[in-house]
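Here is what each chain is made of, one letter per residue.
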Amino acid sequence: LLDAVLADTVEMNDDGSRRALRGDTYADLCLRLKSRAREFRNPGHRRPFSLRSAVVHFTQEAFVEIVATCGACGEEQTTALAMFIGRLYIRSWIALKVVVEAVGDLVGRRAQRPAPLFVRAACELVLVAGPTLDESRKGGTHVSQILTRLIHLVAMNTYDRETRHLVSVLAGRRLRCW
């Protein structure tokens, strides 16, 4: 399943944001399979594991590898995985903390200047998960902090036009309540 997520085709929308063609289908498939296959036996361990924990674990491993290799797998795969993380969040498979950590891994902390690829991936993740994040006060606060970080990064004028435009699309959508 994760190989299919990483191989998903990412297309450009009219406003400059992107969409993974089958990302929602893969996330919905996970939910459907969850009701059929509740637990699996792991020969090396005492406790069985769930489909949910397996999907989250493998997604996290792939994400860590992409960040560690600075997106060497390519922009489409990085974007597709970031958007899949957002889709897992809106389906309540991962916690707010995981989304915030993922965005933090992509756009870094104050002293870092992340690669444009990671800034765009963070924007796409927030575009997917943003409406659900904003439903809670804590999530809304995190979206505000993420937007502030992204706007600060592109204000330095060291990013290409596409990256700056995507940040403005994100800010505009949030301003218009998604």
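**Some details on helix H7 (residues 137-155)**
Counting along an α-helix, one turn takes 3.6 residues, and residues three or four places apart therefore face a common direction.
Here comes step 1: In a regular helix each residue adds 1.5 Å, so 19 residues correspond to 27 Å; H7 covers 27 Å between its end C-alpha atoms and thus fits that length.
Here comes step 2: Gly139, Gly140, His142, Val143, Ile146, Leu147, Arg149, Leu150, Leu153 and Val154 are the residues of H7 that are buried.
Here comes step 3: Where H7 is buried, its residues meet helix H5 (96-107), helix H6 (116-133) and helix H8 (161-175).

**Structural notes on the environment of Trp93**
Here comes step 1: Residue placement: Trp93 occurs in the loop between helix H4 (75-90) and H5.
Here comes step 2: For the pair Trp93 and Pro48, spaced 45 residues apart in sequence, the C-alpha to C-alpha distance is 18 Å.
Here comes step 3: Excluding residues that lie within four positions of it along the chain, Trp93 makes contacts with Cys30, Leu31, Lys34, Leu51, Arg52, Val55, Val56 and Leu88.

**What about the side chain of Arg120?**
Here comes step 1: By secondary structure assignment, the location of Arg120 is in helix H6.
Here comes step 2: Here the side chain of Arg120 touches Thr163 through a polar contact of 2.6 Å, side chain to side chain.
Here comes step 3: The contacts of Arg120, once residues within four sequence positions are left out, are Arg18, Glu75, Asp160, Glu162, Thr163 and Leu166.

**A look at the layout of surface pockets**
The method is simple in principle: a probe with the dimensions of a water molecule rolls over the atoms, and the space it marks as empty is what remains.
Here comes step 1: A volume near 210 Å³ is recorded for the second largest pocket.
Here comes step 2: Around the second largest pocket, the lining residues are Val56, Thr59, Gln60, Phe63, Val64, Ile85, Leu88, Ile94, Val98, Glu101, Ala102 and Asp105.
Here comes step 3: Those elements that place two or more of their residues in the lining of the second largest pocket are helix H3 (51-68), H4 and H5.
Here comes step 4: At five residues, the largest contribution of residues to the lining of the second largest pocket is made by H3.

Parameters and conventions
- Numbering of residues starts from 1 in every chain and runs along the sequence as written.
- Totals for whole chains, interfaces and linings use all residues, but because this is a predicted model, local features are given only for residues with pLDDT of at least 70 and pairs of side-chain atoms are given and counted only at 80 or more.
- Heavy atoms throughout the structure, all of them, feed into the side-chain values; hydrogens and water do not.
- Strands are runs of DSSP state E lasting at least two residues, helices are runs of H or I lasting at least four, and both sets are numbered from the N terminus onward.
- Expected helix span is taken as 1.5 Å per residue step, with the number of steps being one fewer than the number of residues.
- Accessibility here uses a 1.4 Å probe with only protein chains present; expressed as a share of the type maximum, an area under 20% marks a residue as buried, one over 50% as exposed, and anything in between as partly exposed.
- Whether two residues touch is decided by their heavy atoms; if any such pair falls within 4.5 Å, the residues are in contact.
- Residues adjacent in sequence count toward polar contacts only when both atoms are side-chain atoms; beyond that, a polar contact is any pair of N or O atoms within 3.5 Å, and within protein one must be able to donate a hydrogen and the other to accept it.
- Buriedness of a pocket was judged along seven lines, with at least five required to meet protein on both sides within 12 Å; pockets are open sets of points on a 1 Å grid over the protein atoms alone, cavities are sets where a 1.4 Å probe fits but cannot get out, and lining residues have an atom within 4 Å of a point.
- Grid points are joined across faces, edges and corners, and a volume is the space filled by probe spheres set on the points.

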